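# Commentary on secondary and tertiary structure
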Amino acid sequence: MAILNPILSKRWENFKKIRRGYYSLIILIVTYLVALGAELWVNNKPLVVYYQGTYYYPVFFFYSGETFGEDYIAEAQYKEIRDRPAFKDNPDNVMLFPFIPYGYNESDDNLNASPPTVPDSRHWLGTDDRGRDLLTRLIYGYRVSLSFALVVLVLSTIVGVAIGAVQGYCAGVLDLICQRVIEVVSALPFLYLLILLASIFDPSITLLVIIFCAFRWIGLSYFMRAEFLRGRKIEYVEAARSIGVSRVGIMARHILPNTITPIITLAPFSVAASIGLLSSLDFLGFGVPAPTASWGEILSQAHANLTSYHLSVFPLICLFITLLLVSFVGEAVREAFDPKAYFRYKG
Amino acid sequence: MRKHTSSGGDLHKHIISVRGLKKHFPIKGGILNRQIGAIRAVDTVSFDVESNKTLGIVGESGCGKSTLARLINRLIEPTAGEIYLQGDNILAWKGGALRRFYRKIQVVFQDPYASLNPRFSMFDIIEEPLRINNIDTKRLRRKRVRELIEKSGLSWDYRNRYPHEFSGGQRQRIGIARALALHPEILICDEPVSALDVSVQAQILNLLMDLQDEFKLTVLFISHDLSVVNKVSDQVIVLYCGKIVEMASRNRIFKKQLHPYAQALFSAIPKSSPHEQKERTLLNVEPPSPRHFPTGCRFHPRCPHAMDVCKKTEPQLENVSGSEDDFHRVACHLF
């Protein structure tokens, strides 16, 4: 932690002491990294194929059907090829599938009942209404939710910090105008506007990110504005001005590093809000476009298939645990950054 | 610092000259948020400072000392008046010229805990003025920073420490080193020692005086502590409610104050021994509100010698010493 300044590393130490938040953060990071590599262990493409004396790695490379003696040039259908006599008859031919051998958009045609099927030994958490493996959908959905939330967090933080900083540092008329504009924007009903825009434009993740960011920065900009209003009057900022540091230099190098408390403290709560909101949009059908795995979409299936308990129980558990962990992190961060802690004696 | 010039010659070669400087902060109010008044923080102030001399600026809290410093350093824009640096009007400077100007005037701030960025190490703080102004290569800058650190009585070994790891006195030394990094001609010290304890104050004052000789600095020394001003100044200005009420060489003013306010202010210097006989002039009335200064002489409601004329006409600053070289100017109807 050498690159961090002493105050920040002290806070990091404080954060580590709050076990619940610290372990929650570790769990979230580890599960997210594991989910990022989901193609390696949850996939309907084999990791390794040994076919007629050659090794193939379908997870990493594209192979057309012709490679394996099929009559199409599209991507090889490995599960079909595996069951072909031409492949099976040679005992040297091997196909090694990942731990969970299903794709997130792969319908299982060999179900012994009509989908959605309940959990069994073949599909541990059952399948959804198109016969897709639920566990696979949940894992890919976790990746989508968290990635989405993080991208929104980063972009909205940049926008919020920039606008709040300019407002606070320049103050005066510019601040006044911006503040009125912000009040107008924040008075718009977010969900309705989102549904409206999602029905006008083709739904895509990019569009969702843009719409989310257009609203998410506001909360942070209030804090940044206040911090910069305070910061511009501090003596070391005046000192910087009197040695000739430019405005941007003062904002970026002198004030910003001293205002990260609201940025970091708000981050986990923003992530939690984004995950929750994305799920509710998916539930309503205005979220991520169709084949993308998403928890909200599974929940809307559960709404349509009330007798299939697994469609509602498992995504809800996932959602609950994820939001709980994120909230634990947020709570611990807030506590670690609490300035009152400096004035308290340790017992 | 205490070298007293009596001969003329270089007296007219002023490094800094202030003419009729005013700063009025507007008071806004009413439904339309219009200006309904003004706080006249600095009101028609004029003075000259000679090169390599120290001008002490004294006065009670709120008399406009710090506003004056901020005006001269161009941190705020004046309402009216001119400031000349070696004959150039600095208020006309913008952009690049203003940046170059900043090299000539530097400030040592009052609070050493607020004037250093907590996220910069000592080295970064002192190097920044050089880096910002693209002075030298990285390697030469390092050498210069080292010199500055050592001249300021700090240890090069502590260069990577952060401000909170230093004591108040050490922090003020860092502030001084930063101010001197650009080799300024004028150093504004805005109560540089009032946040320090007495033993450290003396060290910092000695350091400032040594560096003044070494860097050939002209110092504007703002303080409410008269014993400190006595130690460092060549010339003293007494400010009251944004106006100069008395102005003289240190020797003259510490020997005899003419303006009743200056008398009261100087009588507040604590006795240096319990046996010393000292008369204390007490002022009964509170200082006036800066929104509504009294008419005529601003001091008249508190003045023990107030006359009728004081309530009506404002006294002008006039020389009463009889000599232009060793002047003693006072703004009072008694003289």
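Residues numbered from 1 in each chain as written. Chains lettered and ligands numbered in written order. Predicted model: local features only at pLDDT ≥ 70, side-chain atom pairs only at ≥ 80, totals over all residues. Heavy atoms only, no water.

### Side note on the domain arrangement of chain A
Segmentation of chain A into domains returns domain 1 (6–37 + 136–341) and domain 2 (45–96). In this structure, domain 1 of chain A and domain 2 of chain A have C-alpha centres spaced 44 Å apart. (Domains from an automatic or database assignment.)

### As for unusual backbone geometry
Across the junction of Pro 115 of chain A and Pro 116 of chain A, the peptide omega takes the value -5 degrees, indicating a cis bond. Within the secondary structure layout, Pro 116 of chain A lies in the loop between strand E3 (94–96) and helix H6 (134–170). Phi is positive for Ala 171 of chain A, which is not a glycine, with a value near 50 degrees. Along the chain, Ala 171 of chain A falls in the loop between H6 and helix H7 (172–187). Notably, Asp 136 of chain B is not glycine yet its phi reads approximately 65 degrees, a positive angle. With respect to the secondary-structure elements, Asp 136 of chain B resides in the loop between helix H3 (122–132) and helix H4 (138–151). Overall, the relative accessible area of 32% leaves Asp 136 of chain B in the partly exposed class. (Helix = DSSP H or I, 4+ residues; strand = E, 2+ residues; numbered from the N terminus. Buried < 20%, exposed > 50% of the residue type's maximum accessible area, 1.4 Å probe, protein only.)

### Some words on the sheet that holds strand E1 (residues 48–51) of chain A
All names here are of chain A. Strand order in the open sheet formed by three strands is E2-E1-E3, with antiparallel pairing between adjacent strands. In this open sheet, the two edge strands, each paired with only one partner strand, are strand E2 (54–56) and E3. In this sheet, adjacent strand axes meet at a mean angle of 15 degrees when their direction is disregarded. When E1 meets E3, the two strands line up antiparallel, connected through three bridges. Bridged to Val 49 within E3 is Met 95. (Pairing = 2+ DSSP bridges. Axes fitted to C-alpha atoms, helices over the stretch in contact; angles between N-to-C directions.)

### Let's talk about the nonpolar core
Residues Ile 126, Ile 174, Ile 176, Leu 180, Leu 187 and Phe 221 of chain B are the most contacted members of the largest nonpolar core, which totals 94 residues. A per-element tally of this core places H6 of chain A first, with twelve residues. Those residues in contact with Phe 221 of chain B, other than ones at most four positions away along the chain, are Thr 54, Leu 55, Gly 56, Ile 57, Cys 189, Pro 192, Leu 205, Leu 208, Val 228 and Val 232 of chain B. Core analysis: the next-biggest nonpolar cluster, separate from the first, contains 37 residues, Val 49, Leu 55, Tyr 102 and Ile 186 of chain B among them. (Core = buried A, V, L, I, M, F, W, Y, C linked by side-chain atoms within 4.5 Å. Contact = heavy atoms within 4.5 Å.)

### Digging into the packing of H6 of chain A against helix H12 (residues 260–284) of chain A
Residues and elements named next belong to chain A. Across the interface, H6 lies against H12 with an axial gap of 9 Å and an inter-helix angle of 135 degrees. Put simply, H6 runs oblique to H12. Between H6 and H12 lies a crossing of right-handed hand. Across from Ser 145, Leu 146, Phe 148, Ala 149, Leu 150, Val 152, Leu 153, Thr 157 and Val 161 in H6, the residues of H12 making contact are Ile 263, Ala 267, Ser 270, Val 271, Ser 274, Ile 275 and Leu 278. When the residues that make up the contact of H6 with H12 are grouped by side-chain class, the tally is twelve nonpolar, four polar and no charged. (Parallel < 35°, antiparallel > 145°, perpendicular 65-115°, else oblique. Left-handed = near helix turned anticlockwise from the far one by under 90°. Nonpolar A, V, L, I, M, F, W, Y, C, P; charged D, E, K, R; others polar.)

### Remarks on a nonpolar patch on the surface
On the surface, Val 118, Tyr 309, Val 313, Ile 317, Phe 320, Ile 321 and Leu 324 of chain A cluster together into a nonpolar patch covering about 610 Å² of accessible area. Here Val 313 of chain A lies in helix H14 (residues 309–336). (Patch = residues over 30% accessible without salt bridge, like charges linked within 9 Å, V, L, I, M, F, W, Y side chains within 5 Å. Areas by Shrake-Rupley, 256 points an atom, 1.4 Å probe, with all protein chains shown as cover. Salt bridge = Lys/Arg side-chain N within 4 Å of Asp/Glu carboxyl O.)

### A closer look at the pairing of strand E1 (residues 14–29) of chain B
All names here are of chain B. In terms of strand pairing, E1 meets strand E2 (residues 34–50) through twelve bridges, oriented antiparallel. Counted as the bridge partner of Gly 29 is Arg 34 from E2. Following E1, the chain reverses through four residues before pairing antiparallel with E2; Gly 30 in that reversal takes a positive phi of roughly 80 degrees. Sheet topology note: the E1/strand E4 (residues 80–85) ladder contains five bridges and is antiparallel. Considered in E4, the bridge of Ile 16 is made with Leu 85.

### Details of H7 of chain A
Residue and element names in this part refer to chain A. For H7, which comprises 16 residues, the first-to-last C-alpha distance of 23 Å matches the rise-based estimate of 22 Å (1.5 Å per residue) to within 8%. All buried positions along H7 are accounted for by Asp 175, Gln 179 and Ile 182. Each buried residue of H7 lies within a common arc of 65 degrees when the element is viewed along its axis, so the set occupies one face. Relative to its buried face, H7 has exposed residues pointing more than 90 degrees away, namely Val 173, Leu 176, Val 184 and Ala 187. (Expected span 1.5 Å × (residues − 1). Arc of directions from axis to C-beta.)

### Some words on the confidence of the model for chain A
Residues and elements named next belong to chain A. In this model, chain A carries an average pLDDT of 88, and 96% of its residues clear a pLDDT of 70 or more. Model confidence for chain A, summarised as mean pLDDT per element, is weakest for helix H8 (residues 190–200) at 82 and strongest for helix H2 (residues 19–36) at 95. Taken together, the stretch residues 343–347 has pLDDT below 50 and engages in two contacts with residues farther than four places along the chain or on a different chain. (pLDDT = per-residue confidence, 0-100.)

### A few points about the environment of Leu 284 of chain A
Relative to the helices and strands, Leu 284 of chain A resides in helix H12. Sequence separation of Leu 284 of chain A and Val 144 of chain A is 140 residues, and the distance between their C-alpha atoms is 17 Å.

### With respect to helix H1 (residues 65–72) of chain B
All names here are of chain B. The element H1 is extensively covered by neighbouring structure, given that six of its eight residues are classed as buried. Among all positions in H1, only Lys 65, Thr 67, Leu 68, Ala 69, Leu 71 and Ile 72 are buried. In the stretch just after H1, Arg 74 is the one whose phi turns positive, near 60 degrees.

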